[in-house]
Amino acid sequence: MTRWRQVRGGRWSPLAAMLLLSPMALLLIAGFFYPLVNLLGRSLWTPEFSLVHYERLLGEPLYLLILMRTLWIAGVVSVFTLLLGYPVALVMARLGGWKAALVAACVLVPLWTSALVRSYAWVVLLQRNGIVNDTLRGLGLTEQPLRLIHTEGALLVAMTHVLLPFMVLPIYSVLRAISTDLPRAAANLGAGTWSIFRHVTLPLSLPGVFAGTLMVFILSLGFYITPALVGGPRTLMIATLIGQQMTELLNWSFASAIAAALLAVTLLLVAAFRRVLRIDQMAGHAG
Amino acid sequence: MAELKGAGGAPVSIAAVEKRFGSVAALQGVSLDAGAGEFLSLLGPSGSGKTTLLMMIAGFEIPDRGTIAIGGRDVTELPANQRNVGMVFQRYALFPHMTVAENIGFPLRMRGLARSEMSSRVEDALKLVRLDGYGTRLPSQLSGGQQQRVALARAVVFRPPVLLMDEPLAALDKKLRQAMQLEVRHLQRELGLTVLYVTHDQEEALTMSDRIAVLNDGRIEQIGRPEELYEMPASAFVADFIGETNFLSGDVVGLDARECRVLLDGDGLVTGRVAADGLAAGTGARLAVRPDRVRLGNAEGIEGTIAERIYSGAMLMLAVRIGETTTIMARGPSNGPDADRSVGDRVRVSWKPEDARVYPAAAER
Ligand SMILES: Nc1ncnc2c1ncn2[C@@H]1O[C@H](COP(=O)(O)OP(=O)(O)O)[C@@H](O)[C@H]1O
Ligand SMILES: [Mg+2]
């Protein structure tokens, strides 16, 4: 009998664990860590070591503005998806049978459609002679077509739509896991509908809220397609900037420096978020 | 402790309650009165409707028909959060994100009590269940028995007149369960609460209750004191469910107002008290007799052979085979007169007619 087949109280032997992890580990090393290190290298050695690209990034107000705008848009999109998504998750968790399946399908269908298609759909809706403008003029509400596409508002709406499922699903799964005994116990102890939500359902769903918010925020920071199509040049976000530097200006070193800065900001924010909100501990309590 | 004593218990009155879930009739015409300060158990097999009945008293289900009154007030349609009844859930239902003290303080907070009053009452409740000093822990840091006691403290801290408990001890091991039975009973007497206690464990019901209501298939089979249920079960179902019983089937051959003579299928004439309506000469019948009331001898009774001898410390159980199909169990002290009987011995089995009860054969199904 080979050593790795032995089962010890439900634990895998180290060898078996390594065998199971190795395909994923190899993929990560080849497809993620190597390019990442390569990227960082490019931003620092050109070919001698220099910080010139980082100086340029920090020295030019335009680039800082784009970074701040990216953070701002990611924050607003997180808040919007939370405000729209929490009630949806709550209703989904309360409903049973085919009604829950229907709402779940409405939330999931957008996930099965590519972000590119959904973004183009927003372009079709919002462009100068698009459906929204035609309708407004047809109703006589406006005379000239409104400038909708390539505005920050349009970008926020489109990104909220595209990222909504990533907020709804984690909240839904946490809400579903709350035993029905708990709201009942709260009612039995004198709590009304609002108090039950405020003191029991909401606090127990926070791990899902944090997971969803973090996911949407991080996805927003690096979002490429939707900002490029719906946001346009006026609401340039950082991923689009990186893309421009790489594909149009062929300035790989500077693109690498921006990417490294984005990575650093993301990691910092995740660390701060975890610290402040103690995700692990909260998740431990929800079980 | 005096702080926790409320106005004592309130009577609970359930009248002709019916409840269906789709095609399942969970309760079919249940009526029940629990007196103020009474410990009343709802005993029955799984699926008999015990939880449904409790949920209606708590206000989580509304009966299709019938009424529920607490302390003389009709609460049939009153929302759960206005009923002011304590409840201990089967899996405790402690709030996992609140400390023990916050859990126990929750009902007081909902009632808008001042902070100082609240903490002194929480302290008292913790003392009552012997968990003083545990207030700052989280439920996940407690053992099953301790969580159970927190649930109990939380259910009585707001001085409800009625306490509902749904199989609260089912998840505990035997030793702990017996200790908690005493503790619950002690607390109930101390606070003067009316307790409705759901269990499927007949031994637990017998030891704890003032009265027991036996439920079967959404109906109450019998309500009475533990001794009444044990000594005078009103139906074969109750005789079977409470304690151990020998059932012997046969046909009625003689009948008067009190006693009934039955000719057993495997031959042999036996006598017992008439325990239910529906008996007539020539009809099928089932005679029930407790193993501890069966006497073994050599002179009178039906004849058989000892087929098994089961020793269990204080008691000795002997299985006596009568004919081809019937076995009668007899139990006595292990140092009693039957101690030196052994497997294969011929014996005669008898009992006093008043110790056996005869039910019509059809009434059981
Ligand atoms: N919410 C419900 N939906 C459908 N059927 C139910 C529901 N609650 C109880 N029942 C049914 O009603 C019957 C009685 O259930 P219950 O009161 O839980 O019994 P017990 O507590 O005695 O085990 C069972 O047949 C059960 O399946
Ligand atoms: Mg039950």
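Just so it is clear, the structure is predicted and the values come from calculations on it, not from any experiment.

> It is not clear to me how the overall build of chain B should be interpreted in this structure. Could you clarify?
A tally of helices and strands in chain B yields eight helices and 20 strands. On the principal axes, the C-alpha backbone points of chain B span a range of 75 × 45 × 35 Å. For chain B, the residues scored as buried account for 50% of the 365 residues in total. For chain B, the proportion of contacts with a sequence separation of at least 24, taken over those separated by at least 6, is 67%. Counting every atom, chain B has about 16100 Å² of accessible surface; 47% of that belongs to carbon and sulfur.

> When you look at the packing of aromatic side chains in this model, what are you seeing that I'm missing?
Each pair of aromatic rings is reported with the distance of its centres and the angle of its planes. Tallied over the entire structure, the rule returns nine aromatic pairs over all chains. Here Tyr86 of chain A and Phe197 of chain A contribute two aromatic rings whose centre-to-centre distance is 5.9 Å and whose plane-to-plane angle is 85 degrees, an arrangement assigned as edge-to-face. Placement of Tyr86 of chain A in helix H3 (residues 61-94) and of Phe197 of chain A in helix H9 (residues 193-221) is noted, with a sequence separation of 111 residues between them. The residues Tyr86 of chain A and Phe197 of chain A share a single accessibility class, namely buried. Taken together, a centroid distance of 5.6 Å and an interplanar angle of 10 degrees make the contact between Phe237 of chain B and Phe241 of chain B stacked. You can see Phe237 of chain B and its partner Phe241 of chain B sitting in helix H8 (residues 236-241), four residues apart, about one turn around the helix. The side chain of Arg286 of chain B reaches across the aromatic face of Phe247 of chain B, ending 4.1 Å from its centre.

> Explain the sheet that holds strand E9 (residues 211-216) of chain B here, please?
Where strands meet in a sheet, backbone hydrogen bonds hold them as pairs that are either parallel or antiparallel. Residues and elements named next belong to chain B. If you walk across this open sheet you meet the six strands as E6-E7-E8-E3-E9-E10, and the pairing is mixed. The sheet is open, and its two borders are formed by strand E6 (86-88) and strand E10 (219-224), each paired with just one other strand. Ignoring strand direction, the axes of neighbouring strands in this sheet form an average angle of 15 degrees. Strand direction decides the pairing type here: strand E7 (residues 162-166) and strand E8 (residues 194-199), joined by five bridges, are parallel.

> I would appreciate a short explanation of the sheet that holds strand E12 (residues 259-264) of chain B in the present structure.
The five strands are arranged E11-E12-E13-E20-E14 (chain B) in a closed barrel whose pairing can be described as mixed. Put simply, the sheet's adjacent strands are angled 55 degrees from each other on average, direction ignored.

> Mind showing me how you'd approach the interface of chain A and chain B here?
Accessible area lost on assembly of the parts is the figure often given for the size of an interface. Counting from both sides, the interface comprises 17 residues of chain A and, opposite them, 24 residues of chain B. Counting each side, the surface lost to burial between chain A and chain B is near 1900 Å², with a carbon and sulfur contribution of 64%. Among the residues of chain A in contact with chain B, Arg184, Asn188 and Leu189 of chain A are the three that bury the most area, contributing 37% of the side total. The interface formed by chain A and chain B contains one salt bridge. Summed over the shared surface of chain A and chain B, the number is seven residue pairs in polar contact (both at pLDDT 80 or more). When residues of the side of chain A that touches chain B are traced back to their parent elements, those giving at least two are helix H8 (181-188) and H9 of chain A. Sort the elements by how many residues they give to the side of chain A that touches chain B and H8 of chain A lands first, with seven residues. The residue makeup of the side of chain A that touches chain B, split by class, is nine nonpolar, six polar and two charged.

> Mind showing me how you'd approach the confidence of the model for chain A here?
Low pLDDT means the predicted coordinates in that region are not meant to be read closely. All names here are of chain A. Of all residues in chain A, 92% attain a pLDDT of 70 or more, and the chain-wide mean is 86. Across chain A, the element-wise mean pLDDT spans from 46 in helix H13 (residues 279-286) up to 96 in H8. A low-confidence stretch, residues 279-287 (pLDDT under 50), is modelled with 16 contacts involving residues beyond four sequence positions or located in other chains.

> Can you help me understand helix H2 (residues 52-59) of chain A in this one?
Residues that lie three or four places apart on an α-helix share one face, since the helix turns once every 3.6 residues. All names here are of chain A. Taken together, the buried positions of H2 are His53, Tyr54 and Leu57. Down the axis of H2, the buried side of the element spans an arc of 95 degrees, and every buried residue falls inside it. Of the residues in H2, the exposed ones pointing more than 90 degrees away from the buried face are Glu55 and Gly59.

> Looking at this structure, I do not really get the site of ligand 1. What am I missing?
Residue and element names in this part refer to chain B. Around ligand 1 lies a shell formed by Phe21, Val24, Ala26, Pro45, Ser46, Gly47, Ser48, Gly49, Lys50, Thr51 and Thr52. In the environment of ligand 1, an oxygen atom lies 3.2 Å from a nitrogen or oxygen atom belonging to the backbone of Ser48. Considered on its own, ligand 1 offers 560 Å² of accessible surface; in the complex 60% of this is hidden by protein. Counting residues per element, the ones that place at least two in the shell around ligand 1 are strand E2 (24-34) and helix H1 (50-58). Per-element tally for the shell around ligand 1: the top contributor is H1, with three residues. Partitioning the shell around ligand 1 into residue classes produces four nonpolar, six polar and one charged.

> Help me understand the side chain of Thr81 of chain A, please; the structure alone is not making it clear to me.
Relative to the helices and strands, Thr81 of chain A resides in helix H3. Among all residues touching Thr81 of chain A, those that are not within four sequence positions of it are Tyr86, Thr160, Leu163, Leu164, Met167 and Val216 of chain A.

Thresholds, definitions, all that
Residues numbered from 1 in each chain as written. Chains lettered and ligands numbered in written order. Predicted model: local features only at pLDDT ≥ 70, side-chain atom pairs only at ≥ 80, totals over all residues. Heavy atoms only, no water. Helix = DSSP H or I, 4+ residues; strand = E, 2+ residues; numbered from the N terminus. Buried < 20%, exposed > 50% of the residue type's maximum accessible area, 1.4 Å probe, protein only. Contact = heavy atoms within 4.5 Å. Areas by Shrake-Rupley, 256 points an atom, 1.4 Å probe, with all protein chains shown as cover. Phe/Tyr/Trp six-rings, centres within 6.5 Å; stacked < 30°, edge-to-face > 60°. Lys NZ or Arg CZ within 6 Å of the ring centre and 35° of its normal. Pairing = 2+ DSSP bridges. Axes fitted to C-alpha atoms, helices over the stretch in contact; angles between N-to-C directions. Buried area = accessible area lost by both parts, 1.4 Å probe. Salt bridge = Lys/Arg side-chain N within 4 Å of Asp/Glu carboxyl O. Polar contact = N/O pair within 3.5 Å; in protein donor to acceptor, adjacent residues only side chain to side chain. Nonpolar A, V, L, I, M, F, W, Y, C, P; charged D, E, K, R; others polar. pLDDT = per-residue confidence, 0-100. Arc of directions from axis to C-beta. Near = heavy atom within 4 Å.

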